[in-house]
Amino acid sequence: MEAIKENPAKYLGIVGALLALAATYIPGLPTEAILAVVAALIGGGVAAQRVEDRKTDYAYDAMPEDAPAIRRQNQLLEALLEQGRDQPRPAPDDAPTAYMPNGPVTWGK
């Protein structure tokens, strides 16, 4: 029960998917009623996501004056990810390398 309280959106999605599968593959079930329950579960997932968003906003608000800088950093990271989304990944020989105190770290090999 504690796991459901920690992440209700995940479990609402699982229950909704199982009900939709049951309505599809088990003949004789009241399909319309089950699909109405699935729609209600989707609404519950949206509500659960809003709760998670409020928790995130609260965490940002509880932070000291660095919160705007962290938000800006997240925006920049999202922009970089979006910018490189359509670009091909580097070949293993061209993989980027970072030089750390304990030696180089290479991604993609």
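As a reminder, the structure under discussion sits directly above these lines.
None of the values given here were measured: they were computed from a predicted structure. (Residues numbered from 1 in each chain as written. Predicted model: local features only at pLDDT ≥ 70, side-chain atom pairs only at ≥ 80, totals over all residues. Heavy atoms only, no water.)

A. Focus on the overall build of the chain. Of regular secondary structure, the chain possesses four helices and two strands. Starting at the N terminus and walking to the C terminus, you meet the elements of the chain as α-α-α-α-β-β. Here the chain holds 109 residues, and 10% of them are scored as buried. Considering only residue pairs separated by 6 or more positions, the chain has 20% of its internal contacts joining residues 24 or more positions apart. Just so you have it, the chain exposes about 9000 Å², and 61% of that area is on carbon and sulfur atoms. (Helix = DSSP H or I, 4+ residues; strand = E, 2+ residues; numbered from the N terminus. Buried < 20%, exposed > 50% of the residue type's maximum accessible area, 1.4 Å probe, protein only. Contact = heavy atoms within 4.5 Å. Areas by Shrake-Rupley, 256 points an atom, 1.4 Å probe, with all protein chains shown as cover.)

B. Region of interest: the pattern of salt bridges. Scanning the entire structure with this criterion turns up one salt bridge. The salt bridge partner of Glu52 is Lys55, with a shortest N-O separation of 3.2 Å. Of the two residues, Glu52 and Lys55 are both situated in helix H3 (residues 31-62); the distance of three residues between them amounts to about one turn of the helix. A residue is classified by how much of its surface remains accessible, and Lys55, at 43% relative accessible area, is partly exposed. (Salt bridge = Lys/Arg side-chain N within 4 Å of Asp/Glu carboxyl O.)

C. Just a nonpolar patch on the surface, in detail. Taken together, the side chains of Met1, Ile4, Tyr11, Ile14, Leu18, Leu21, Tyr25, Ile26 and Leu29 present a nonpolar region at the surface, about 930 Å² in accessible area. Sort the elements by how many residues they give to the nonpolar patch and helix H2 (residues 8-25) lands first, with five residues. With respect to the element layout, Ile4 can be found in helix H1 (residues 2-6). (Patch = residues over 30% accessible without salt bridge, like charges linked within 9 Å, V, L, I, M, F, W, Y side chains within 5 Å.)

D. Local environment of the environment of Ile70. By secondary structure assignment, the location of Ile70 is in helix H4 (residues 67-83). Placed 10 residues apart in sequence, Ile70 and Tyr60 show a C-alpha to C-alpha distance of 8.7 Å.

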